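Structure assessment
Here's the letter readout for the chains.
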Amino acid sequence: MTISPNAAVRSSPHMLSPMLDVMAQLIAEDLVLLIYRPDGTARGKGTKLDLALAGALLTELALQGHIELADKRLRSIDGVDRPEHPELAAALAHIAAKPRTPEAILPKLAKRLRPRLLTGLVTAGVLAREPRRVAGVIPSARFPLIDAGPRDEVRRRLDIAVIQGGEASQRTAALASLIHTAGLASKIFPDNDKRAVRARLGELADGDWGSEALRKAIRAAIVSQAIAIAISTTISTIANGE
């Protein structure tokens, strides 16, 4: 089925598939692959993206049954096998060491998370790393796509759920929720009807795909932390006379 660039997203509710997507990579890595262009440059570099990546770790821990929300704090659940992925294991260790609110843990998880995710995708042979210098001085890098398979599969499932209004697994619904919360819809779906895409992403975000209290707490934390950082940056800029 071919979808025209301006096709409206069907807004009627759909049942979410009970099975998780069979993919080895993290939901956070899915988001990285979607937000980076094939030439290795990012469509978005804002605070919300980095917070959304941290939120993806919390979401994945929740879907795997590792954490719960109790008294407004994230707590680890005893008796569950340790996550195999090092990023998930490290995030869980933070929570197990000291239960914190989602707002408190997100900035800690977000610190240097994107570079580590990019490095992991390079190691996996999905991306390459090309060093460069911005303005001929500042060291930087591009991460061009060299294996489109994982990105295309994520995109296919997301398009079925969002553009075609089809079923979404827990993983795809969680990814849609993060895109919606971080305000990345126009970057990931630039050629589709923006209002319809946002509406469908909102439906998926509010769907029955995990603990309602926990997913709402993660979404609220992403938004509140992004606002707090933006305010702090603005005040600092004004104070410095910039």
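Our subject is the structure listed above.
Notes on the structure in this doc start here. Values in this document were obtained by computation on a predicted structure and should not be read as measured data. (Residues numbered from 1 in each chain as written. Predicted model: local features only at pLDDT ≥ 70, side-chain atom pairs only at ≥ 80, totals over all residues. Heavy atoms only, no water.)

**Here we look at the overall build of the protein chain**
- Helices and strands together make up the secondary structure of the protein chain, namely 10 helices and 4 strands.
- For the protein chain, the α and β elements follow one another from N to C terminus as α-α-β-β-α-α-α-β-β-α-α-α-α-α.
- Residue burial in the protein chain is summarised as follows: out of 242 residues, 43% are buried.
- A separation threshold of at least 6 residues defines the contact pool for the protein chain, and within that pool the share at least 24 residues apart is 68%. (Helix = DSSP H or I, 4+ residues; strand = E, 2+ residues; numbered from the N terminus. Buried < 20%, exposed > 50% of the residue type's maximum accessible area, 1.4 Å probe, protein only. Contact = heavy atoms within 4.5 Å.)

**Describing helix H1 (residues 27-35)**
- Among the 9 residues that make up H1, 9 are buried, leaving the element largely enclosed by the rest of the structure.
- Burial in H1 covers these residues: Ile 27, Ala 28, Glu 29, Asp 30, Leu 31, Val 32, Leu 33, Leu 34 and Ile 35.
- Looking at the buried side of H1, the elements it contacts are helix H2 (47-63), helix H5 (113-123), helix H6 (148-162), helix H7 (170-181) and helix H8 (185-188).

**Side note on a nonpolar patch on the surface**
- On the surface, Val 134, Val 137 and Ile 138 cluster together into a nonpolar patch covering about 260 Å² of accessible area.
- As for its placement among the helices and strands, Ile 138 is situated in strand S4 (residues 138-142). (Patch = residues over 30% accessible without salt bridge, like charges linked within 9 Å, V, L, I, M, F, W, Y side chains within 5 Å. Areas by Shrake-Rupley, 256 points an atom, 1.4 Å probe, with all protein chains shown as cover. Salt bridge = Lys/Arg side-chain N within 4 Å of Asp/Glu carboxyl O.)

**Some words on the pattern of salt bridges**
- In total, this model carries 12 salt bridges according to the counting rule given.
- For Arg 171, the salt bridge identified is with Asp 30, shortest N-O distance 2.9 Å. A residue pair is termed long-range when its members are at least 10 positions apart, and Arg 171 in helix H7 and Asp 30 in helix H1 qualify at 141 residues.
- Residue class for Arg 171 comes out buried when judged on its relative accessible area of 5%.
- Arg 219 is the salt-bridge partner of Asp 206, the closest N and O atoms lying 2.9 Å from each other. Highlighted residues: Asp 206 in the loop between helix H9 (194-205) and helix H10 (212-239) and Arg 219 in helix H10, separated in sequence by 13 residues.

**A word on H7**
- Helix length check: H7, at 12 residues, gives a terminal C-alpha distance of 16 Å against a target of 16 Å (1.5 Å per residue), a fit within 8%.
- For H7, the complete set of buried residues consists of Arg 171, Thr 172, Ala 173, Ala 174, Leu 175, Ala 176, Ser 177, Leu 178, Ile 179 and Thr 181. (Expected span 1.5 Å × (residues − 1).)

**Things to note about the packing of H1 against H2**
- Running from N to C, H1 and H2 cross one another at 145°; their axes reach a closest spacing of 8 Å. Contacts between H1 and H2 involve Ile 27, Ala 28, Leu 31, Val 32 and Ile 35 from the former and Leu 49, Ala 52, Leu 53, Ala 56, Leu 57, Glu 60 and Leu 63 from the latter. (Axes fitted to C-alpha atoms, helices over the stretch in contact; angles between N-to-C directions.)

**Re unusual backbone geometry**
- The phi angle at Lys 72 is positive, at roughly 70°, despite the residue not being glycine.
- Residue placement: Lys 72 occurs in the loop between strand S1 (67-70) and strand S2 (73-76).
- Although it is not a glycine, Arg 112 sits at a positive phi angle of roughly 60°.
- Inspection of the secondary structure puts Arg 112 in the loop between helix H4 (102-110) and H5.
- Exposure remark for Arg 112: the relative accessible area of 57% places this residue in the exposed category.

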